[in-house]
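Given next are the chains, with one letter for each unit.
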Amino acid sequence: MLNIIIFGPPGAGKGTQSEFIKDRYNLTYISTGQILREEMAAETEIGLKVKEIISSGGLASDEIVLSIIENRVTNNLNSNGFLFDGFPRTVRQAEMLDKLFSDNKLSISTVLSLEVPEDILVERMLERGKTSGRADDNIDSIRHRFVEYDNKTKPVLDFYQDKNILKPINGVGSIEDIFNNICNTIDSI
Ligand code: AMP
């Protein structure tokens, strides 16, 4: 099984690259952000619970996110592999993924870390906000998302660095060039 985590700050292009990666390698794609947006649109119990925090740029609770992940992983154990986008976002989530994976005799093949300078990230998200309809693509929420990223998500990098599975990818350039770099990295693991 090929199990990939695509990691990076908000606006790094994780979702864009994931669309190509999942098709090329035939992976079960799990984007916690996308799943939570669907829950909000459908006004489910989870959706109503996370609506305010997500709109303001904060992180949803680990419990909610982990219940989503557990469900999707255990229901797709026969797939070619998983592609996680936007997860794990806290060290606790990373630890719980480790446990869920070892319980199911799975392992993470690689963590692709998209690297993009902050000024480009802000520009990209403001541009995306013109058409995305996302409540969190405005300047106040974007600032809050960066603070959450620095405080809670960045430490996840050290977690995977210590396991020697972290692969930095230059996230600036054309979508095609970045995708080619990603494929070369995946094909060489
Ligand atoms: P994304 O689409 O990955 O940018 O996620 C959008 C928003 O959904 C984030 O700013 C968080 O509020 C929430 N979210 C997505 N994934 C997670 C996660 N793994 N843990 C906590 N909150 C999350």
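Residues numbered from 1 in each chain as written. Predicted model: local features only at pLDDT ≥ 70, side-chain atom pairs only at ≥ 80, totals over all residues. Heavy atoms only, no water.

Caption draft 1: Up close: the site of the ligand. Surrounding the ligand, one finds 16 residues, the nearest of these being Thr32, Arg37, Gly58, Gly86 and Gln93. Contact distances for the ligand include 3.0 Å between a nitrogen atom and a backbone N or O atom of Ala60. Look at the ligand: alone it shows 480 Å² of surface, and the protein chains cover 95% of it. Among the elements that make up the shell around the ligand, the one with the highest residue count is helix H2 (residues 32-41) (four residues). (Near = heavy atom within 4 Å. Polar contact = N/O pair within 3.5 Å; in protein donor to acceptor, adjacent residues only side chain to side chain. Areas by Shrake-Rupley, 256 points an atom, 1.4 Å probe, with all protein chains shown as cover. Helix = DSSP H or I, 4+ residues; strand = E, 2+ residues; numbered from the N terminus.)

Caption draft 2: Region of interest: the nonpolar core. Among the nonpolar cores identified, the biggest contains 32 residues, and Ile69, Val73, Phe84, Leu97 and Tyr160 are the most heavily contacted of them. Take this core: its biggest share by element is six residues, from helix H4 (residues 62-74). Ignoring any residue separated from it by four or fewer positions in sequence, one finds Val73 in contact with Ile30, Phe82, Phe84, Leu100, Phe101 and Leu106. With 23 residues, the next largest nonpolar core counts Tyr29, Leu83, Phe146 and Ile178 among its residues. (Core = buried A, V, L, I, M, F, W, Y, C linked by side-chain atoms within 4.5 Å. Buried < 20%, exposed > 50% of the residue type's maximum accessible area, 1.4 Å probe, protein only. Contact = heavy atoms within 4.5 Å.)

Caption draft 3: The sheet that holds strand S3 (residues 82-85), seen in detail. Taken in spatial order, the five strands of this open sheet run S2-S3-S1-S4-S5, and their pairing is parallel. One side of each edge strand has no neighbouring strand; the edge strands of this open sheet are strand S2 (28-31) and strand S5 (166-170). On average, adjacent strands in this sheet sit at an angle of 20° to one another, irrespective of strand direction. As defined by bridge partners, S2 adjoins S3 across four bridges and the pair is classed as parallel. The partner of Ser31 across the bridge, within S3, is Asp85. (Pairing = 2+ DSSP bridges. Axes fitted to C-alpha atoms, helices over the stretch in contact; angles between N-to-C directions.)

Caption draft 4: Main features of the packing of H2 against helix H3 (residues 45-55). Two elements in contact, H2 and H3, have axes separated by 8 Å at closest approach and are oriented at 115°. The orientation of H2 relative to H3 falls into the category roughly perpendicular. When you trace H2 past H3, the crossing you get is left-handed. Within the contact between the two elements, H2 uses Leu36, Glu39 and Met40 and H3 uses Ile46, Gly47, Val50, Lys51 and Ile54. Here the contact of H2 with H3 is built from residues that sort into five nonpolar, one polar and two charged. (Parallel < 35°, antiparallel > 145°, perpendicular 65-115°, else oblique. Left-handed = near helix turned anticlockwise from the far one by under 90°. Nonpolar A, V, L, I, M, F, W, Y, C, P; charged D, E, K, R; others polar.)

Caption draft 5: The arrangement of H3 in detail. Looking only at H3, the buried set comprises Gly47, Val50 and Ile54. All buried residues of H3 project into a common sector of 85° when viewed along the axis, lining one side. Residues of H3 that are exposed and point more than 90 degrees away from the buried face comprise Glu45, Leu48, Lys49 and Glu52. At its buried positions, H3 is contacted by H2 and H4. With its phi angle positive at about 95°, Gly57 sits one or two positions after the end of H3. (Arc of directions from axis to C-beta.)

Caption draft 6: Representation of the pattern of salt bridges within the structure. Per the counting criterion, the structure on display carries 15 salt bridges. Arg92 serves as the salt-bridge partner of Asp62, at 3.6 Å between the closest nitrogen and oxygen. Of this pair, Asp62 sits in helix H4 while Arg92 is found in helix H5 (residues 91-103), placing the two residues 30 residues apart along the sequence. Judged by relative accessible area, which is 14%, Asp62 ranks as buried. Put simply, Asp136 and Arg134 hold a salt bridge, and the shortest N to O gap is 3.0 Å. Given a relative accessible area of 21%, Arg134 falls into the partly exposed group. A single salt-bridge network, built from bridges that share partners, covers Arg128, Arg134, Asp136, Asp137 and Arg145. (Salt bridge = Lys/Arg side-chain N within 4 Å of Asp/Glu carboxyl O.)

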